[in-house]
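Given next are the chains, with one letter for each unit.
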Amino acid sequence: MNCQRIQDELLLEALHDGALPPGAADAVRAHLLTCDACRAQLASLEALAAQLDRIPVPPAPTDRMRAGFQAMLDAEKRALSAASASPRPASGLDRFFARFFPRRPAYQFAASLSLLALGLFVGARYLAPETKRPVIAQTENTLANAASAAELAELREQVNNMGRLVTYSLLQQKSTSERLQSVLATLQLKTPDRRLLTDLVGTLALDPSVNVRLSAVEALAPHTGEDLVRAGLIAALPRETAPLVQVAMIELLAAARDTEAAPIFARLMLDERADPSVRETARRALAILNTPNPSTAALPRRPAITKTMI
Amino acid sequence: MLAVRAGDLDCLGELFERHHRRLYAFCAHLTGQPAAAEDIVQNVFHRILKYRHTYRDDGRFTTWMYHLARTCAADFFNKQSAAPTPVDPADLHGHASADPAPDAHASQSDDLALLRAALHRLSREHREILILSRLQNLEHREAARILDCSVGAAKVRAHRALKALRETYFALRQNPQPL
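Fair warning: this is a prediction, and the values are worked out from it, not measured in the lab.

(A) Structural view of the overall build of chain B. Each helix and strand in chain B was counted, giving 10 helices and 0 strands. The secondary structure elements of chain B, listed N-terminal to C-terminal, are α-α-α-α-α-α-α-α-α-α. For chain B, with 179 residues in total, the buried portion stands at 32%. A separation of at least 24 residues holds for 61% of the contacts in chain B among residues at least 6 apart in sequence.

And the structure:
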C-alpha cells in the first residue's frame with residue numbers, strides 16, 4: 001500500500017465511508033500508521049465531513065409555495081371534474097342501458113363472447129343463402145341465372161386463389177430472377193393444370209416486375225381457350241401500368257376474340273393518360289373484335305417484344 | 001401515489017405535506033437559491049400531477065420524485081446558463097440573492113460559508129451526490145436509484161465528490177476569493 005494508490009483509488013474516502021472490505025481497510029490503516037501525510041489527509045477529510053453534517057437545513061419554504069401548489073391542485077381537480085361531467089350528463093338513457101351491462105370484467109367478457117357467438121349463429125343461419133341461389137335458379141329453369149352464378153363462384157374462387165397467391169408470394173419474397181424462372185418453367189408444360197394457370201394469372205396481376213408480368217402473358221398465350229385465363233387477363237388489364245405488358249395483353253385478348261374485353265379496350269383507347277401505342281393497339285383490337293368473321297381477321301403483328309427493350 | 005394515479009387528487013396534498021420540505025432542501029442545496037428551489041418543487045408537483053398515469057408501482061415514490069426534481073433542476077440550470085449573467089460588479093447589487101450576505105455568514109461561521117462556497121464550485125454531478133448522501137443522509141442504494149446508476153458507481157461518485165470537495169475547500173481556504 002502506498003500513498004499513490006490511496007490517492008488514485010480514493011481509499012481514504014472509502015475508509016471514511018466504511019465502504020472498504022475488512023482486508024483492504026486493515027491495509028490502509030497499516031499504511032496510515034507509517035504515513036503522516038495520509039493521516040493528515042484523513043483527519044482533514046473527517047473534519048470536513050463533520051462540518052458538512054453541520055450545514056444547516058435550508059430555511060423552511062415560504063407559504064407562497066404551498067399556496068401555489070394548492071392553486072394548481074384545485075385547478076386540476078376542477079379540470080378533472082369538468083372533463084368527467086361534460087361528456088356524460090348521466091342521462092336516464094345511459095342509466096337504462098347501464099343496467100344491462102355486467103359490472104365485473106369477467107362477466108363483461110362472457111357477455112361479449114356470447115354476443116359474438118350469437119352474431120356468428122345469426123350470420124350463418126340467415127345471411128348464407130347464396131349457396132342456395134343456383135338451386136333456386138335451376139328450379140326456375142333460368143339458364144342465364146345459373147351461368148352467372150357459376151361465373152360468380154368461379155370469380156370468387158379466383159379471388160380466393162389470388163389472395164392465396166399474394167400471401168404466398170409475400171411469404172416467399174423470391175427475387176425477380178427466381179420468379180421469372182418459375183414463370184418460364186410453366187412455358188414448357190403442354191397442359192398446365194388449373195392451379196398453375198391461376199398462379200400465372202395472379203402473377204400477371206400482382207407481380208411488381210414488368211419482366212415477370214410480360215413472361216406471364218407469354219406463358220398464358222397458348223391457354224386463352226380457358227375462360228379462367230381470359231377472365232384473369234380482363235381483370236388484370238385495367239390495373240396494368242406498363243405499356244409493354246398492356247400491349248401484349250390487348251393483343252392476346254384480341255387474338256382470343258373475347259368480346260367481354262371490348263369495354264376495356266374502348267376505355268383504354270379514349271384514355272388520355274395511356275401510352276399512344278397502347279391506345280393505338282386498343283383501337284385496332286376493338287376493330288378486330290368488331291369484324292364479324294374470326295378466321296379472316298388477324299391482328300397485324302407488331303414487332304416482337306423482347307425483354308431487352310425494357 | 002397509487003390513489004393519486006387512480007384519480008384521488010386529495011392524496012397528492014398529503015404527499016406534498018410529507019415530502020415537500022425534504023425536496024425543497026435538496027433543491028435549495030442544489031441551486032443555492034431558495035426562490036428557485038421553491039419554483040422547482042412546484043414544478044415537480046405539477047409534473048407529478050400531469051404524469052401521474054405514468055407512475056409505475058415498481059419503484060418508490062420518492063425515487064420518482066427525485067427523478068422529476070433532477071430534470072426540473074436541469075431545466076432550471078439550462079435556463080440560467082442561457083440567460084445573460086451579470087458580470088459588472090455594479091449590476092450585482094441589482095441581482096442580490098436572497099441568501100444572507102456573505103459577511104453575515106462569515107461572522108457566523110467562516111468555515112461553513114467557505115464550505116458552501118466550495119460545494120457550489122463542484123460540478124453538479126458531485127454536488128448532487130454529496131447532497132443526497134451527506135446532507136439528506138440517503139443510503140448509497142437509494143442515491144444510486146435516484147441517479148440511475150449502480151450502487152458501486154454511486155459509491156465511487158460519492159468518494160470522488162468528497163475528494164473534490166476537500167481539495168476545493170482547502171484551495172479556497174489557502175486563497176480566499178470573493179464569493
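So that's the structure; there's more coming.
(B) How the structure looks around the overall build of chain A. A count of helices and strands for chain A gives 16 helices and 0 strands. Burial statistics for chain A: of 310 residues in total, 20% are counted as buried. A sequence separation of at least 24 residues applies to 62% of the contacts in chain A between residues at least 6 apart.

(C) The interface of chain A and chain B, seen in detail. Each side of the interface is counted separately: chain A has 27 residues, and chain B has 32 residues. Contributing elements (two or more residues each) for the side of chain A that touches chain B: helix H2 (11-17), helix H4 (36-54) and helix H5 (63-85) of chain A. Sorting elements by how many residues they give to the side of chain A that touches chain B places H5 of chain A first, with 9 residues. Here the residues of the side of chain A that touches chain B sort into 17 nonpolar, 4 polar and 6 charged.

(D) Structural detail: the packing of helix H12 (residues 210-220) of chain A against helix H14 (residues 243-256) of chain A. Residue and element names in this part refer to chain A. Axis separation between H12 and H14 bottoms out at 9 Å; the angle between their running directions is 10°. It follows from the interaxial angle that H12 and H14 lie roughly parallel. For the pair H12 and H14, the contacting residues are Val210, Arg213, Leu214 and Val217 in the first and Leu244, Val245, Ala248, Met249 and Leu252 in the second. Residue composition of the contact of H12 with H14, by class: 8 nonpolar, no polar and 1 charged.

(E) Spotlight on the packing of helix H2 (residues 10-31) of chain B against helix H4 (residues 61-82) of chain B. All names here are of chain B. As a packed pair, H2 and H4 sit with axes 11 Å apart at the nearest point and diverge in direction by 35°. Helix-helix and strand crossings are classified by hand; for H2 and H4 the assignment is right-handed. Of the residues in H4, those in contact with His19, Leu23, Phe26, Cys27, Leu30 and Thr31 of H2 are Thr62, Met65, Ala69, Ala73 and Phe76. In terms of residue class, the contact of H2 with H4 is built from 8 nonpolar, 3 polar and no charged.

(F) View of the environment of Met1 of chain A. Along the chain, Met1 of chain A turns up in the segment before helix H1 (3-8). Linking Met1 of chain A and Leu32 of chain A, residues 31 residues apart in sequence, is a C-alpha distance of 9.7 Å.

(G) Layout of the nonpolar core. With 44 residues, the main nonpolar core has Leu23, Cys27, Ile40, Val41, Val44, Ala69 and Leu130 of chain B as its most contacted residues. Of all the secondary-structure elements, those providing two or more residues to this core are H5 of chain A together with H2, helix H3 (34-50), H4, helix H7 (110-121), helix H8 (124-135), helix H9 (140-147) and helix H10 (151-174) of chain B. Ranked by the residues each element gives to this core, the list is headed by H2 of chain B, at 9 residues. When near neighbours in sequence (up to four residues on either side) are disregarded, Cys27 of chain B contacts Ala37, Ile40, Val41, Ala69 and Ala73 of chain B. Grouped together as the second largest cluster of nonpolar side chains are 33 residues, Met249, Ile250, Ala261 and Val278 of chain A included.

(H) How the structure looks around H9 of chain B. Residues and elements named next belong to chain B. Among all positions in H9, only His140, Ala143, Ala144, Arg145 and Ile146 are buried. Structurally, H9 contributes buried residues whose contacts are with H4, H8 and H10. Where H9 terminates, the next one or two residues include Asp148, which has phi positive at roughly 60°.

(I) Inspection of the confidence of the model for chain A at higher detail. Taken residue by residue, chain A gives an average pLDDT of 79. The fraction at 70 or more is 82%. This model gives residues 296-310 of chain A a pLDDT under 50, and the stretch forms 18 contacts once residues within four places in sequence are excluded.

(J) Representation of helix H16 (residues 276-290) of chain A within the structure. With 15 residues, H16 of chain A extends 21 Å from end C-alpha to end C-alpha; this agrees with the ideal 21 Å at 1.5 Å per step. Lining the buried residues of H16 of chain A we find H14 and helix H15 (262-270) of chain A.

(K) Representation of unusual backbone geometry. Of note in this structure, Leu10 of chain A is not a glycine but carries a positive phi near 55°. By C-beta crowding, Leu10 of chain A is classed as buried, having 20 other C-beta atoms within 10 Å. A positive phi angle is found at Asn137 of chain B, which is not glycine, with a value near 55°. Here Asn137 of chain B is to be found in the loop between H8 and H9. When the 9 C-beta atoms within 10 Å are taken as the criterion, Asn137 of chain B is described as exposed.

(L) Focus on the environment of Glu251 of chain A. Residue and element names in this part refer to chain A. The topology assignment puts Glu251 in helix H14. On the basis of neighbour counts, which here come to 21 C-beta atoms within 10 Å, the residue Glu251 falls in the buried class. A C-alpha to C-alpha distance of 9.8 Å links Glu251 and Ala221, two positions 30 residues apart in sequence.

(M) Inspection of the confidence of the model for chain B at higher detail. Taken as a whole, chain B shows an average pLDDT of 81; of its residues, 82% reach a score of 70 or greater. Across the predicted assembly, pTM comes out at 0.49 and ipTM at 0.73.

(N) Quick look at the environment of Leu30 of chain B. All names here are of chain B. If you trace the backbone, Leu30 turns up in helix H2. Overall, Leu30 belongs to the buried group, with 24 C-beta atoms counted inside 10 Å. Along the chain, Leu30 and Glu128 lie 98 residues apart, while their C-alpha atoms are 6.6 Å from each other. Discounting chain neighbours no more than four positions away, the residues touching Leu30 are Ala73, Arg127, Glu128 and Ile131.

Reading the values: rules and limits
- Residues numbered from 1 in each chain as written.
- Chains lettered and ligands numbered in written order.
- Predicted model: local features only at pLDDT ≥ 70, side-chain atom pairs only at ≥ 80, totals over all residues.
- Helix = DSSP H or I, 4+ residues; strand = E, 2+ residues; numbered from the N terminus.
- Buried ≥ 20, exposed ≤ 12 C-beta atoms within 10 Å, placed from the backbone.
- Contact = placed C-beta atoms within 7 Å.
- Nonpolar A, V, L, I, M, F, W, Y, C, P; charged D, E, K, R; others polar.
- Axes fitted to C-alpha atoms, helices over the stretch in contact; angles between N-to-C directions.
- Parallel < 35°, antiparallel > 145°, perpendicular 65-115°, else oblique.
- Left-handed = near helix turned anticlockwise from the far one by under 90°.
- Core = buried A, V, L, I, M, F, W, Y, C linked by C-beta atoms within 7 Å.
- pLDDT = per-residue confidence, 0-100.
- Expected span 1.5 Å × (residues − 1).

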